Amino acid sequence: MTEHNPRTWLSTWTPEDPEFWEKTGKSIAWRTLTITTLNLTMAFIVWFVVSALVVRLPNVGFKLSANQLFWLAAMPGLAAGILRTLHTFLVPVYGTRHVVAFSTLSLLIPALGWFYAVQDPTTPYWILLTLSFLAGLGGGNFSSFMPSTSLFFPKRLQGTALAIQAGIGNFGVSVVQFVTPWIIGFALFGTLAGDPLTFVPTAPGAVTKSIWLQNAALVYVPFIVVFAIVAWLMLKSVPVRANFREQLDIFHFSNLHGFWMTSLYIMTFGSFSGFAATFPLMIKQMYTVLPGGPDPLAYAFLGPLVGAAARVLAGPISDKLGGAIVTHWSGLGLLACAIGVTFYTHPTSMADSPLFVWLMLGV
């Protein structure tokens, strides 16, 4: 094995050895899981903060079409898909400590960028689109954090550990969509965060009010800094090393298992992340315009909440029954709900709203 820095790299790591696991491995593994899960939650928050912002932008003076709004909501997902391919290679090269700490610090770029951008309704669309792409930095982290976590645990606990990390991390999506309507309603940081914006509602008879939309991004900046510092100070890396070239085997044309797993992942997590990001805009475009239409963010957090809870529950179940069985049945349920929701995408009244929401929660 190549020489390593003991501050960053563990000298040995054998979690399948019961004695090593009980004496040394267990405490390090669970500490690592806790810290990386906190950082992953922050990554998901930044990844999906755009979905909470875009539904408010037209009401505070941004001249954006529906098509432009959906592109802003979709861009973080597109970016995450690209960045995840890169992140796949990082942990065996740089180690858990460096990857988690620096990738969390990178979240400051979109968070601060959106903080400034939403305060000026004349911000060019290309800048908004660029900031939406940069929000995908939070989605890219996932493919570094999850493989890293699996290295720390014995096989019998990997499903549970990954379910905890992915499930709690996913709660970040619900957090950003649940917290945003509250956090933008007052001057959380006083005059330090800038002047309020005037929110002009589209619903008939609704009252104009002042909001601090910039709070939706700025509130997470202190957490990003603290979590990154904690990761740098308290994490170490498993001594599994490989350079970029050694990892390129995953792209070999004969790797059919990788192809099918990727297809299944598009079906499952691709659906979750895509619909979670566009759910608020779908409500706004289809139901908010109707008499008695809801605030898009009043329901948007429920979808990610259900998805996150399902992940936590499905991990231990997959350890017992097998991932193939769980994926099979969740795929059938996803198909049924996806077909069903198409019948409620052109509503004529709010009577269609409950079934639309329930089917989206099913997805």
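These numbers come from a predicted model, not from an experiment. (Residues numbered from 1 in each chain as written. Predicted model: local features only at pLDDT ≥ 70, side-chain atom pairs only at ≥ 80, totals over all residues. Heavy atoms only, no water.)

**Some details on the confidence of the model for the chain**
Reading fine detail from the predicted coordinates is not recommended where pLDDT is low. Under the convention used in this document: A residue's pLDDT is simply how confident the predictor is in it, with values from 0 to 100. Working definition: helices are DSSP H or I runs of at least four residues, strands are E runs of at least two. Numbering for both runs from the N terminus.
Per-residue confidence for the chain averages 85 on the pLDDT scale, and 94% of its residues sit at or above 70. Per-element confidence in the chain is highest for helix α6 (residues 125-135), whose mean pLDDT is 96, and lowest for helix α13 (residues 297-300), whose mean pLDDT is 77.

**Let's talk about the side chain of Thr37**
Definition in use: Exposure is judged per residue with a 1.4 Å probe applied to protein chains only, and the accessible area is read against the type maximum: over 50% gives exposed, under 20% gives buried, and values in between give partly exposed. The contact criterion used is simple: two residues touch if any of their non-hydrogen atoms lie within 4.5 Å.
Relative to the helices and strands, Thr37 resides in helix α1 (residues 18-53). With relative accessibility at 5%, the residue Thr37 sits in the buried group. Not counting residues up to four positions away in its chain, the partners in contact with Thr37 are Ile164, Gln165, Ile168 and Gly169.

**What about the packing of aromatic side chains?**
This is how the line gets drawn: Pairing of aromatic rings covers Phe, Tyr and Trp, the last through its six-membered ring, and needs centres within 6.5 Å; plane angles under 30 degrees mean stacked, over 60 mean edge-to-face, and all others mean tilted.
Inspection of the entire model under this criterion finds 18 aromatic pairs. Ring centres of Phe102 and Trp232 lie 5.6 Å apart, and the angle between their planes is 70°; this geometry places the pair in the edge-to-face category. Taken as a pair, Phe102 in helix α4 (residues 96-105) and Trp232 in helix α11 (residues 221-234) lie far apart in primary sequence, 130 residues in all. Using a relative accessible area of 48% as the deciding quantity, one classes Phe102 as partly exposed. Centre to centre, the rings of Tyr265 and Phe269 are 5.5 Å apart; their planes meet at 5°, and the pair counts as stacked. You can see Tyr265 and its partner Phe269 sitting in helix α12 (residues 256-288), four residues apart, about one turn around the helix. Grouped by ring-pair contacts, the aromatic residues Phe44, Trp47, Phe48, Phe142, Tyr265, Phe269 and Phe272 constitute a single cluster.

**Thoughts on the packing of α12 against helix α15 (residues 323-341)**
So the rule is basically this: Note on method: axes are straight lines fitted to C-alpha atoms, helices fitted across the in-contact stretch only, with angles between N-to-C directions ranging 0 to 180 degrees. Note that the term roughly parallel is reserved for angles under 35 degrees, roughly antiparallel for angles over 145, roughly perpendicular for angles of 65 to 115, and oblique for everything else. Note on convention: the crossing is left-handed when the near helix lies turned anticlockwise from the far helix by less than a right angle, right-handed when the turn is clockwise.
Direction vectors running N to C along α12 and α15 enclose 60°, while the axes themselves pass 11 Å from each other. Regarding the angle of α12 to α15, the classification is oblique. By crossing handedness, the relation of α12 to α15 is classed as left-handed. Contacts from Leu264, Met267 and Ser271 of α12 reach α15 at Thr327, Gly331 and Leu334.

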